[in-house]
Amino acid sequence: MNIHEYQAKAVLSRYGVAVPEGDVADTVENAVSITEGLGMPVVIKAQIHAGGRGKGGGVKLAETISDAREHAEDIIGMQLVTHQTGPEGKQVKRVLVERASRISKEYYLGMVVDRSVSRIAVMASTEGGVSIETIAKRSPNLIIKEWIDPVLGLMPFQARKIAFGLGLADSLTDKAVKIIMSLYKAFVETDCSLAEINPLVLTEENELLALDAKMNFDNNALFRHKDIQALRDFDEEDPAETEASGHKLSYIRLEGNIGCLVNGAGLAMTTMDMIKLCGGSPANFLDVGGNASTGQVTHAFRLILSDPNLKAIFVNIFGGIMRCDVIAEGVVAAAKSIGLSVPLIVRLEGTNREKGKEILAASGLNITPAADLEDGAKKAVAAAAGGGGL
Ligand code: GDP
Ligand code: MN
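Residues numbered from 1 in each chain as written. Chains lettered and ligands numbered in written order. Predicted model: local features only at pLDDT ≥ 70, side-chain atom pairs only at ≥ 80, totals over all residues. Heavy atoms only, no water.

**Some details on the overall build of the protein chain**
The cut-off we apply is this: Each helix is a run of DSSP H or I of at least 4 residues and each strand a run of E of at least 2, with the numbering of both proceeding from the N terminus. Type-normalised accessible area, obtained with a 1.4 Å probe on protein chains alone, sets the label of each residue: buried when under 20%, exposed when over 50%, and partly exposed for intermediate values. Every residue pair with non-hydrogen atoms within 4.5 Å of one another is taken to be in contact. Charge assignment: positive for Lys and Arg, negative for Asp and Glu; neither His nor the chain ends contribute. Here the site of a charge means atom NZ of a Lys, CZ of an Arg, CG of an Asp or CD of a Glu.
Summing up its helical and strand segments, the protein chain has 13 helices and 18 strands in all. Counting only C-alpha atoms and orienting by the principal axes, one finds that the protein chain spans roughly 75 × 50 × 40 Å. Buried residues in the protein chain amount to 47% of all 390 residues. Sequence separation of at least 24 residues holds for 68% of the intrachain contacts in the protein chain that already meet a minimum separation of 6. Of the charged side chains in the protein chain, 40 are positive and 49 negative, and the gap between their average positions amounts to 5 Å.

**Here's the deal with unusual backbone geometry**
Note that the residue after Met40, namely Pro41, is joined by a cis bond; omega there is -10°. Position of Pro41 among the secondary structure elements: in the loop between helix 2 (28-38) and strand 2 (42-46). Cis geometry marks the peptide bond from Asn198 to Pro199, where omega comes out at 5°. Tracing the backbone through its elements, the reader meets Pro199 in strand 10 (residues 192-203). At Asn206, a position not held by glycine, the phi torsion is positive, near 65°.

**Topic: helix 11 (residues 324-338)**
This is how it is decided: In a helix, the anticipated span is given by 1.5 Å times the number of residues less one.
For helix 11, with 15 residues, the first-to-last C-alpha span of 21 Å sits near the 21 Å given by 1.5 Å per residue. Those residues of helix 11 that sit buried are Cys324, Asp325, Ile327, Ala328, Gly330, Val331, Val332, Ala334 and Ala335. Buried residues belonging to helix 11 abut helix 10 (294-305), strand 16 (312-319), strand 17 (344-350) and helix 12 (353-362). Where helix 11 ends, the next residue or the one after it, Gly339, has phi of about 85°, a positive value.

**Some points on the coordination of the manganese ion (ligand 2)**
Under the convention used in this document: Keep in mind that water is not among the atoms, so a site may look incomplete; donors are the N, O and S atoms within 2.8 Å of the metal, or 3.2 Å for Na, K and Ca.
Coordination of the manganese ion (ligand 2) by the protein is provided by Asn198 (O) and Asp212 (OD), with metal-donor distances spanning 2.2 to 2.3 Å. Separated by 14 residues along the polypeptide, Asn198 in strand 10 and Asp212 in the loop between strand 11 (208-210) and strand 12 (214-217) bring together distant segments of the chain.

**Details of the site of ligand 1**
Selection rule: Summary of the distance rule: residues count as near a molecule or strand when at least one heavy atom falls within 4 Å of that molecule or strand. Pairs of N or O atoms are called polar contacts if they sit within 3.5 Å, as long as, within protein, a hydrogen donor faces a hydrogen acceptor (for residues adjacent in sequence, only side-chain-to-side-chain pairs). Using a 1.4 Å probe, the Shrake-Rupley method yields the accessible areas, and only the shown protein chains count as cover for residues. For this scheme, ten residues count as nonpolar: Ala, Val, Leu, Ile, Met, Phe, Trp, Tyr, Cys and Pro. Four count as charged, namely Asp, Glu, Lys and Arg, and the remainder, Gly too, count as polar.
Near ligand 1 you find 18 residues, and of these Lys45, Arg53, Gly54, Ser101 and Glu106 are the closest. Here an oxygen atom of ligand 1 sits 2.5 Å away from a polar atom, N or O, in the side chain of Glu106. When the free accessible area of ligand 1 is taken as 560 Å², the share hidden by the protein chains comes to 84%. Residue assignment for the shell around ligand 1 shows that the elements contributing at least two residues are strand 2, strand 3 (59-62), strand 7 (103-114) and strand 10. In the shell around ligand 1, the residues fall into eight nonpolar, six polar and four charged.

**Concerning the sheet that holds strand 2**
Let me state the cut-off plainly: Pairing between strands is defined by DSSP: at least two bridges between them are needed. To obtain each axis, a line is fitted to C-alpha atoms, and for helices this fit is confined to the stretch in contact; angles are then taken between N-to-C directions over 0 to 180 degrees.
Pairing within the open sheet is antiparallel, and its four strands lie in the order 1-6-2-3. Two strands bound the open sheet, and with one partner strand each, they are strand 1 (22-25) and strand 3. Across the sheet, the mean angle from the axis of one strand to that of its neighbour is 20°, orientation sign disregarded. Of the pairings in the sheet, the one linking strand 2 to strand 3 comprises four bridges and is antiparallel in character. Paired with Lys45 across the bridge in strand 3 is Val59. Across the sheet, helix 2 is in contact with strand 1, strand 2 and strand 6 (95-99); its angle to strand 6 comes to roughly 15°.

Rendered as structure tokens:
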């Protein structure tokens, strides 16, 4: 789960990370009154779940109250397009109004779970700010990295190593170490998968401040963080994905036109790859899990059918724990209750495969059986392209 910058700053400041003074507003009037309370200059920042807002026009400095009003008017309600939003952008519902900082240098500080070594990796760079992705790609030597032993936790010597690596003046080392240790504590205690301060700035007053903050949380650990769960913003989520998570389905909408209903994340990925390989394009990722009920299968169909681009559906099931006859019954019940508007291709393999096929054949529905994964993908691609091959 992702949260907004203003929420991440509130979490981090509870852990002792210094952040600029400010508040969030959802109307221009509120933004102006926060500005009046802070004093000039201020910075007005779009709150969406995506980075790159500065370059997209979602972060603006204001020297006067009337500038602040103008920026708030421009930003609230705008469709902000950044390299992380996709071409359609995201609508801005709120802005963070902060006292503007006088920046003397921008650093990068981030932590992620590095799956390749099963450890948290701490990353830092002297080249923080809006171009960190380019730096990481072109000059990876400018990124300092430390991996944390999960038993020992982040050791003070590691935090000092990073602070020295950033070339900070001696007077700032302790402050930097404190921020690094605090970010780590926040990361572990709230079960983050990513926490990032970019930029971490050195101000002209010689203070270190988190000017931007991003936190992602491990969904599997959210149950033990009610306070973090409360920060979820449904406006930022695809409504179909929200509905899916309510039914314990893993659903991600994509740009293609072939709906996929699959059990198991690995098989779902393979199905998408095979569709691509056969020249088609998947409309979604959908994993109904190891033992989906008829109700879940029906919901899964509803989600797939809610996509206006949909041209065909490919059901690809490997019956292990889940028996093929059960899924076949689910498919038939769902197809009958919803009414299918597009061709349906079904491949069943594994436990009770024959029984499942009989159920589909006896249903009277227009279902195209597939012999294997490739056959199914080919048939789905042909159907989506407008008949042919069926
Ligand atoms: P992002 O583009 O979504 O990552 O948004 P950031 O919050 O990181 O802001 C982008 C850039 O705007 C920063 O890297 C700074 O250069 C600039 N910026 C943000 N806040 C301030 C501020 O208070 N003062 C000044 N001078 N620049 C700021
Ligand atoms: Mn940033």
